[in-house]
Structures are given as structure tokens and as C-alpha cells.
Amino acid sequence: MKIVSVEQMKAIERAADASGVSYEMMMKNAGRGIANWISRNVSHRQGVIGLVGAGNNGGDTLIALTWMAKWGLRTQAFLVKENGNDALLDDYLSSGGAVVDISRNDRLDFFDAALIPGVVVLDGILGTGFRLPLRRPLHDVMVNIHKRLENRSDLLIIAVDCPSGVDCDTGEVSVATIPAAYTLTMAAMKQGLLSHPARSFAGDLHYIDIGIGDPSIYTKDGLSEMIDHSVIRDLFPRRPDSGHKGTFGTCLMIAGSAPYVGAAYFAGKAAYRMGCGLVHMGVVRDVHRLLAGRLLEAVWTVIPDIEGVFDPDGLQVLLSALQSATAIAIGPGWGVNESNILFLTDLLQHLPPSTPLLIDADALKLLVNLKQWWSLLPDQVVLTPHPGEMSVLTRLKTSEIQSNRWEIASEYAKLWRVNLVLKGALTVIACANGKMFINPVSDPALATAGSGDVLTGVIGGLMAQGVSAAHASVLGVWIHANSGKIARINCKTDMSVTALDLLDYLPGAIVKAKEAGY
Ligand SMILES: NC(=O)C1=CN([C@@H]2O[C@H](COP(=O)(O)OP(=O)(O)OC[C@H]3O[C@@H](n4cnc5c(N)ncnc54)[C@H](O)[C@@H]3O)[C@@H](O)[C@H]2O)[C@@H](O)CC1
Ligand SMILES: [K+]
């Protein structure tokens, strides 16, 4: 789904209107789309109530309620602000709907009576027209509504376009913003919903077609994209029935050191879980000793070491593996030390220029010791820094990176001509060709030691099978995040999810990616 600012959305609507899809038609399509989505996706046996604001967001909601009333559902509209949508109200009433005006902060007993367990609440008070701060008298009515909906897990709250009271550009929220289980977003994702705190209020994000198709045809701006099912479904490598392990590539994983054994395991196992035909592990003796009996699927080359880290002259043993790999991943668990700077320098000089490369973790921190390191990389390259590693690479403060993730990722991906996966909640992928993707998943289940090593294996395993560096990053980030979501559901808490769980639920995330929408 494309991502837009409020200004871009307005310009797209103007252009669509000029090309024949009128504002009225867009709103009708929005309302019908919301009603259809609810009837297909949620149980609405207890009826649907709408919180209706004075603007077009309220208009969308009234049209949705009108359709559902026509279909015989029990519905009620609560007018939260004196309403300018008289014609839409008349339509709704003549379709059998019921209206209660609570805009003067009275008659809330009717609202209380409507909040029966299982009822669907459509939040259509404010959309993209809202700017903080929330003004009176709406503020007071919304605070009262908020109090009543708080902690009501027996209700299903669905936000229309955005949770009301969210700034759709910045992601800031008002005191009265109501957290939703789902947000049904019109035509394109509003960028603010992919930033915190708004993201935590929006729940699962779904697209509603308002009849204009792909919004990017109405603008010259290159729109970023939220990773969803429509983005990833075509990115999987082919797996012909006649394939053999050579068909599915060889990932050379140069990982681990005596203090960080697990990193090599997580990365190597994840590459196998992603369908890679063969994973060739380049590791020091201590890592080999501990993992050889655990990662039985792997082929091993033991790299000479000095006190558990790579010997600067140790690359010789890997030269033939470097040539036969179809992708190379480096960095997890290396440690930052003088030996590894020399080892990395030698390694970059011996890389086959056409083999895709992934650089993660400590190898990213070591890169800064090499002059113009970005000129030493192959064309197909992915860097997967977390904000701390990005800070080392750019010499910017982590706080500065975190407050401006999209712009900074985009700027440096272009500068270094790399595909950059800036990790953390709401991972940003800035591709070397200028395209930007945002992962909508923000789940503390993923914030656990070894999680990044699993991601390295996932992306490396996909590249080994011939998926481009950019596509492997997009698909890999989505699958990794969803394995976290599935792990949280299965562990029944995000607290107990470990990197081993992420590995275990990769197959579930792959299945989900292949068969269902986000
Ligand atoms: N323009 C279009 O053609 C379409 C718009 N759509 C819908 O329209 C929405 C945007 O509609 P609008 O531009 O009418 O805006 P909204 O519906 O978001 O709300 C505007 C209303 O909120 C009030 N308001 C704004 N800031 C406030 C504050 N700080 N405190 C108190 N009240 C405040 C305004 O006075 C106005 O009454 C979208 O989110 C979407 O749901 C869709 O129907 C698709 C088509
Ligand atoms: K809303």
C-alpha cells in the first residue's frame, strides 16, 4: 500500500476529481468499501455503531452505516459534532438508521446503552483534516467517549482512515484518541500512522479502494510503500519440482566468534529455514566445536583464529567458498577488534563482484575503519544496521537517526548506493534505486538477542536463491517480523519470545506470506 502525507493525499484527490472520479464518488466508494470490509471480515451480530464527525471522515462513516442499515443490520449513528452532512443523514435515516446527537456532551446514556458486548464501534470522528491540539467542545465530548471505550476489550473498535485525533503527518496523538483493533485506510496509508505513538493506536492496517486505483498515477512524487501482502506476494523465489539443492543456492555465512557462538547458529539456521539449498558456515574453531553437532545441515570451513576471533591472515581457507557461494553474509557475532578490521579488509578485496553480499552487526561497525568503504562493495548489497550501528556508520547521534528514520535511511542508501535496512520498530528499507518501504509491524517480541542474526539468515538465504538484494530485504523483513508476531501469539506473551522461537515460526510466517493478506 502506498504511503502519503496529508498534502499528497489532498493533491491525489484533486487530481482524481479532475480526471473524472469526483469527490462525491470517492466518498461513496469509501463508505461502501468500509461496509463491505466489515461484512466480510468481522462478526457484527451485535450491530454496528458509528461515531460521526462533521467532516468527510464522518461522511464516509455515515455512508458505511447506511449500507449496513440497508442490509438489515442493527446500526446507530452518534453525532459527535454538529453535522454538515444533512443529505447523508437523510439517506441514513430513510434506510432505517437511528441517530443520536451527543455533540453537546449530553444524552451519553444512549451511548452507554449501545455499548453492548460484541458491538462494532466505527470511529469516524476525525480523519486527515485534524491538527493538534484537539479543541473544545469536541475535546470534551471525545474525552467522555474515550473514558467509556477504555479497557472495553469486549467491543471491536474500527477506525475510519485513522484513529480520530491522530495527526496523520507526524504520528502525534491527542489525549482522547481511541485505540483501534483495525484501521481501514482510504486509498493510501497516511504516513503518521507508521510512526509512534500513532502506530500503537491503529491496530491492523487495511486498504479500502475508493475507486482511484494506484494513487501514484496521480502524482509525480515517488511514493513510499508500506509492506503488505500485495507487495510481497510476488517476491518469493521459484521452487521448481525438478530442483536440487544446487538450484536453491549456497549461502556463505561468515559469522560468530568465541564469545558470540549463537549468532552463527541463528543466521545459518534461518538461511536454511528460508529454503536455501546449502549453507556454508565460515567460523572459528570454538564456534565449529559447539555448533557442528547442532547445525547438522551445514557445511563448515574452520577459519584460523587468534583467541577466538578471525586471524587477519585467515581468509585463505575461504577463497574457494567465496567463489562458489551464490550469496555471502558477514558480521553476526564477529566482535569489534583490530584482527577483524584486517580480516574484513582482506575479505572485501577478495569478494566476487557479482555475488550478492549482506553486511550486518559488527562488520558494519568495522567498515568505518576502511576509507571509502562503500566503493568496495558489490552491486547487490544489503546493510542491516540497527540505529546504534547506523550511528557508527554515519557519525550521527542515535536520537537524531530515530527522529528522522525515513529521510536518513533514504539519504545514506543513495549516498552509499546500497540497500539499507534500518532496523527497529517500524523497520525502514531504503533501496539503492531510491524506492522506500516501511514495515508496519512494531512488536516487542522481536526485540530479543539473536533476532537480528535471524534476519541476516532470512535475507541472505533469499539472496542465495536469486532474489535481488532489494526484494530479499523487503520480503525478509516482513517474514521475520511476522514470525515474531506468530511467536508472540503462540507464547501468549511477547516477553518470552527468543530468537529460537523466531526460527521456529519462520515456516508459519512464510505460509502466511504466501496465502493470506496482511
Ligand atoms: N476528500 C475526499 O474526497 C475524500 C476524503 N475522505 C475522508 O475524508 C477525511 C478528511 O476529511 P476532512 O478534510 O473533511 O476532515 P475530517 O473529517 O478529518 O475532519 C474535519 C473536521 O474536524 C474539525 N477539526 C479539525 N481539527 C480539529 C481540532 N484540532 N479540534 C477540533 N476539531 C477539529 C474540523 O473543524 C472539521 O469539522 C479523510 O480522513 C477520509 O476519511 C474519503 O471520503 C475519501 C475521499
Ligand atoms: K477516524
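Treat the numbers as computed from the prediction; the structure is a model and nothing was measured. (Residues numbered from 1 in each chain as written. Chains lettered and ligands numbered in written order. Predicted model: local features only at pLDDT ≥ 70, side-chain atom pairs only at ≥ 80, totals over all residues. Heavy atoms only, no water.)

S.K.: Explanation requested: the UniProt feature "binding site: AMP" (unreviewed entry) in the protein in the structure shown.
M.R.: The UniProt record annotates "binding site: AMP" (unreviewed entry) at K423, G424, A425, L426, T427 and G452. In sequence the annotated residues extend across 30 residues, while in space they remain close, none of their C-alpha pairs exceeding 14.2 Å. Considering the arrangement of structural elements, one finds G424 in the loop between strand 19 (419-422) and strand 20 (428-430). On the basis of relative accessibility, which here comes to 38%, the residue G424 falls in the partly exposed class. When neighbours within four sequence positions are excluded, G452 is seen to be in contact with D360 and K423. (UniProt positions renumbered as here; feature names shortened; annotations may be inferred. Helix = DSSP H or I, 4+ residues; strand = E, 2+ residues; numbered from the N terminus. Buried < 20%, exposed > 50% of the residue type's maximum accessible area, 1.4 Å probe, protein only. Contact = heavy atoms within 4.5 Å.)

S.K.: Would you take a moment to explain the coordination of the potassium ion (ligand 2) for this structure?
M.R.: For a metal with four donors in a tetrahedral arrangement, the ideal angle between donors is 109.5 degrees, while six donors in an octahedron ideally sit at 90 or 180 degrees. Protein coordination at the potassium ion (ligand 2) comes from N57 (OD1), D123 (O), L126 (O), V160 (O), C162 (O) and S164 (OG), with a distance range of 2.6 to 3.0 Å. Here the potassium ion (ligand 2) binds six donor atoms, and the angle range of 70 to 177° at the metal identifies the geometry as irregular. Within one chain, the residues donating to the potassium ion (ligand 2) are spaced in sequence as N-x65-D-x2-L-x33-V-x1-C-x1-S. A residue pair is termed long-range when its members are at least 10 positions apart, and L126 in the loop between strand 5 (120-124) and helix 6 (138-149) and S164 in the loop between strand 6 (156-160) and strand 7 (182-186) qualify at 38 residues. Residues L126 and S164 agree in their burial class; the two are buried. (Donors = N, O, S within 2.8 Å, 3.2 Å for Na, K, Ca; no water. Tetrahedral: all angles 85-135°; square planar, octahedral: opposite > 155°, others 65-115°.)

S.K.: Help me understand the sheet that holds strand 20 in this model?
M.R.: Strand-to-strand pairing in sheets goes through backbone hydrogen bonds, with the strands running parallel or antiparallel. Here we have 10 strands laid out as an open sheet, ordered 10-21-20-19-18-17-16-11-12-13, and mixed in their pairing. Each end of this open sheet is capped by a strand with a single partner; those strands are strand 10 (225-226) and strand 13 (299-303). Here strand 20 pairs with strand 21 (residues 436-438) via three bridges, running antiparallel. Pairing of V428 across the sheet is with I438, part of strand 21. Of the strands in this sheet, strand 18 (381-384), strand 19, strand 20 and strand 21 touch helix 18 (residues 469-491), which is tilted by about 15° from strand 19. (Pairing = 2+ DSSP bridges. Axes fitted to C-alpha atoms, helices over the stretch in contact; angles between N-to-C directions.)

S.K.: Whenever I open this one, helix 12 (residues 338-349) confuses me. Can you help?
M.R.: Think of an α-helix as turning once every 3.6 residues; residues three or four places apart then point the same way. Counted at 1.5 Å a residue, the expected span for helix 12 with its 12 residues is 16 Å, and the 17 Å between its end C-alpha atoms agrees. What helix 12 keeps buried is the set S339, N340, I341, F343, L344, D346, L347 and L348. (Expected span 1.5 Å × (residues − 1).)

S.K.: Can you help me understand unusual backbone geometry in this one?
M.R.: For residues that are not glycine, phi is negative in most cases, and the peptide bond is trans in most cases. The linkage connecting L132 with the following residue, P133, adopts the cis geometry, with an omega of 0°. Considering the arrangement of structural elements, one finds P133 in the loop between strand 5 and helix 6. Here H196 and P197 are connected by a cis peptide whose omega angle stands at 10°. Here P197 lies in the loop between strand 8 (189-190) and helix 7 (198-202). The phi angle at D161 is positive, at roughly 70°, despite the residue not being glycine. Secondary-structure assignment places D161 in the loop between strand 6 and strand 7. Judged by relative accessible area, which is 7%, D161 ranks as buried.

S.K.: Help me understand the site of ligand 1, please; the structure alone is not making it clear to me.
M.R.: Neighbouring ligand 1 are 22 residues, the closest being D60, G127, R131, P133 and D161. At 3.2 Å from an oxygen atom of ligand 1 is found a side-chain nitrogen or oxygen belonging to K81. In this structure, a nitrogen atom belonging to ligand 1 sits 2.7 Å away from a main-chain N or O atom of P133. Taken by itself ligand 1 offers 870 Å² of open surface, and the protein chains cover 85% of this. Among the residues making up the shell around ligand 1, the classes are represented as 10 nonpolar, six polar and six charged. (Near = heavy atom within 4 Å. Polar contact = N/O pair within 3.5 Å; in protein donor to acceptor, adjacent residues only side chain to side chain. Areas by Shrake-Rupley, 256 points an atom, 1.4 Å probe, with all protein chains shown as cover. Nonpolar A, V, L, I, M, F, W, Y, C, P; charged D, E, K, R; others polar.)

S.K.: Looking at this model, I keep getting lost on the domain arrangement of the protein. Mind explaining?
M.R.: One widely used convention gives an interface's size as the accessible area the parts lose upon coming together. The assigned domain composition of the protein is domain 1 (3-223) and domain 2 (244-516). Look at where the C-alpha atoms of domain 1 and domain 2 centre, and you get two points 41 Å apart. Listed as interface residues are eight residues of domain 1 and, on the opposing side, seven residues of domain 2. Surface buried jointly by domain 1 and domain 2 totals about 590 Å² across both partners, of which 65% is contributed by carbon and sulfur atoms. Along the contact surface separating domain 1 from domain 2 lie zero salt bridges. Looking at side-chain class alone, the side of domain 1 that touches domain 2 contains three nonpolar, three polar and two charged residues. (Domains from an automatic or database assignment. Buried area = accessible area lost by both parts, 1.4 Å probe. Salt bridge = Lys/Arg side-chain N within 4 Å of Asp/Glu carboxyl O.)

S.K.: Mind showing me how you'd approach the UniProt feature "binding site: K(+)" (unreviewed entry) in the protein here?
M.R.: Per the UniProt record, "binding site: K(+)" (unreviewed entry) is annotated on N57, D123 and S164. A stretch of 108 residues holds the annotated residues, and the largest C-alpha distance among them is 9.2 Å, short enough that they meet in one place. For N57, the location among the structural elements is in helix 3 (residues 56-70). Contacts of N57, omitting those with residues within four sequence positions, involve D123, G124, I125, L126, G127, V160 and D161. A distance of 2.3 Å separates the side chain of S164 from the side chain of D123, its partner in a polar contact.

S.K.: Please clarify how the pattern of salt bridges should be interpreted in this entry.
M.R.: Side chains that differ in charge, positive against negative, can pair when their charged atoms come close. Tallied over the full model, the rule gives 16 salt bridges. Among the salt bridges present, the one from E297 reaches K269, with a minimum N-O distance of 2.8 Å. Taken together, the positions of E297 in the loop between helix 10 (285-291) and strand 13 and K269 in helix 9 (residues 261-273) put the pair 28 residues apart, joining distant regions of the chain. Looking at K269, the relative accessible area reads 16%, which means it is buried. Among the salt bridges present, the one from D360 reaches K423, with a minimum N-O distance of 3.3 Å. With D360 in strand 17 (residues 357-360) and K423 in the loop between strand 19 and strand 20, the pair connects residues that are 63 residues apart, well separated along the chain. For the pair D360 and K423, a shared accessibility class is recorded, and that class is buried. Shared partners join several salt bridges into a network, and the residues in it are K2, D214 and E225.

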